[in-house]
Amino acid sequence: MTENNYPRVSVLVPARNEADNISQCLDSLAQQDYSNYEICVLDDQSTDNTLEHIQILADQYPQIRVLHGKSSPPPDWNGKSYACHRLSEQAEGDWLLFTDADTVHTPQSIRQGIEQAMILDVDLLSAMPNQITKSWLERILVSFIMNFLPLLGIQLEDMWRGKGTHAIANGQYLLVRKSAYQAMGGHVAIQHALVDDFALANHFMVGGRRIAFVNGTSMLACRMYHNAGDVWRGFSKNIVLSLQTSQQWSLGLIALFAWCFVCLFVLPYFIFILYPHKLLALIAICWLIGLRLIVGVVMRRPLLEAFLTLFSAMGVMLLGLNAILLKLRKQNIIWKDRPYPTNQ
């Protein structure tokens, strides 16, 4: 594919209270080695000075267009999904790249995404970023949840061939063919979904569209959370919303999943510590650590994370328990100054 044949790409960035991140994100997007693209960023009623940061970058880079979210999302709309929908209505490109305001892109991010989408012949391509972790709880949980667990439950080749039963995606990098996006109804079709990236990918797959999930560590990086409190609140929110999004999560299924999770990730360590017959437990532990080391090398993770697997698994269990308690209490989750009900 020659430079002249590259399709036009609209990079779509919803931003709400992202004053600490948006400048770095837009600056990285404005310095791509891809010429045929635009950047549309929507200030989604931010209560900090996000808009001021956006405007400074828009004055500096002509490819940046600024949109203003002047009204709250309609009833039954996820706030981010509505922002993405608004952005898609203004996009001029043949491909739409939805990306988060806390991402930082390498200069080849758009080009690599388009080239992989063309080679794989897909309508939706999502990439797994390099997850930046600095605090102790980030190191224990973020890579385990974002890089490791998704790869255990999904056959990526089957998903690409349309034979899978579930799809995964990462909203930090979601590249879709505009014609397919419009034909599938866009974010309007998933407006009720609380986890929009998984919902959009599954909607595409059920609709017979080809999708792919790729290693994006050479394309972008993201620091999702900046302290232990953010990690705890953010992942608790995601688990609650995931439980509400899927109608399949009955109490019995949750209990079965929890038991299997304990048997796989926690029980081998306790058997090794507490019981005299340690060989099988040691084999299971080595297998787990070996898998994490392989994923760690591919995803450019610190290899020490592989040896924290027990603590990562126990952290996920505590997050799950917290999510269940929040749901039982019907206690709203507040995220970026917007309430998310837990009683659905």
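Please read these numbers as outputs of a predicted model, since none were measured by experiment. (Residues numbered from 1 in each chain as written. Predicted model: local features only at pLDDT ≥ 70, side-chain atom pairs only at ≥ 80, totals over all residues. Heavy atoms only, no water.)

(A) Representation of the packing of aromatic side chains within the structure. Counted by the stated rule, this structure contains eight aromatic pairs. Relative to Phe 265, the ring of Phe 148 has its centre 6.3 Å away and its plane inclined at 70 degrees; by these criteria the two rings are edge-to-face. With Phe 148 in helix H5 (residues 136-153) and Phe 265 in helix H10 (residues 251-265), this pair connects stretches of sequence that are 117 residues apart. Take Phe 148 and Phe 265: they sit in the same class, and that class is buried. Centroid distance Phe 261 to Phe 265: 4.8 Å. Interplanar angle 45 degrees. Geometry classified as tilted. One end of the pair is Phe 261 and the other is Phe 265, both in helix H10 and four residues apart, which spans about a single turn. A residue is classified by how much of its surface remains accessible, and Phe 261, at 9% relative accessible area, is buried. Lys 278 extends its terminal NZ or CZ atom over the ring of Phe 272, reaching a point 5.2 Å from the ring centre. Lying across the ring of Phe 148, Arg 292 places its NZ or CZ 5.5 Å from the centre. (Phe/Tyr/Trp six-rings, centres within 6.5 Å; stacked < 30°, edge-to-face > 60°. Helix = DSSP H or I, 4+ residues; strand = E, 2+ residues; numbered from the N terminus. Buried < 20%, exposed > 50% of the residue type's maximum accessible area, 1.4 Å probe, protein only. Lys NZ or Arg CZ within 6 Å of the ring centre and 35° of its normal.)

(B) Region of interest: the packing of helix H1 (residues 22-29) against helix H2 (residues 50-60). Viewed as axis vectors pointing N to C, H1 and H2 meet at an angle of 25 degrees, and their least axial separation amounts to 9 Å. Accordingly, the angle class assigned to the pair H1 and H2 is roughly parallel. Helix-helix and strand crossings are classified by hand; for H1 and H2 the assignment is right-handed. Contacts between H1 and H2 involve Ile 22, Ser 23, Leu 26 and Asp 27 on the former and, on the latter, Thr 50, His 53, Ile 54 and Leu 57. When its residues are assigned to classes, the contact of H1 with H2 shows four nonpolar, three polar and one charged. (Axes fitted to C-alpha atoms, helices over the stretch in contact; angles between N-to-C directions. Parallel < 35°, antiparallel > 145°, perpendicular 65-115°, else oblique. Left-handed = near helix turned anticlockwise from the far one by under 90°. Contact = heavy atoms within 4.5 Å. Nonpolar A, V, L, I, M, F, W, Y, C, P; charged D, E, K, R; others polar.)

(C) Layout of the pairing of strand S1 (residues 9-15). Across the seven residues that make up S1, a large majority, seven, are buried. Here S1 shows two buried faces, one formed by Val 9, Val 11, Val 13 and Ala 15 and the other by Ser 10, Leu 12 and Pro 14. Taken together, S1, H1 and strand S2 (residues 37-43) constitute a β-α-β crossover, and its handedness is right-handed. Looking at chain direction, S1 and strand S4 (residues 95-99) are connected through four bridges and run parallel. (Right-handed = clockwise from strand over helix to strand, strands pointing away. Pairing = 2+ DSSP bridges.)

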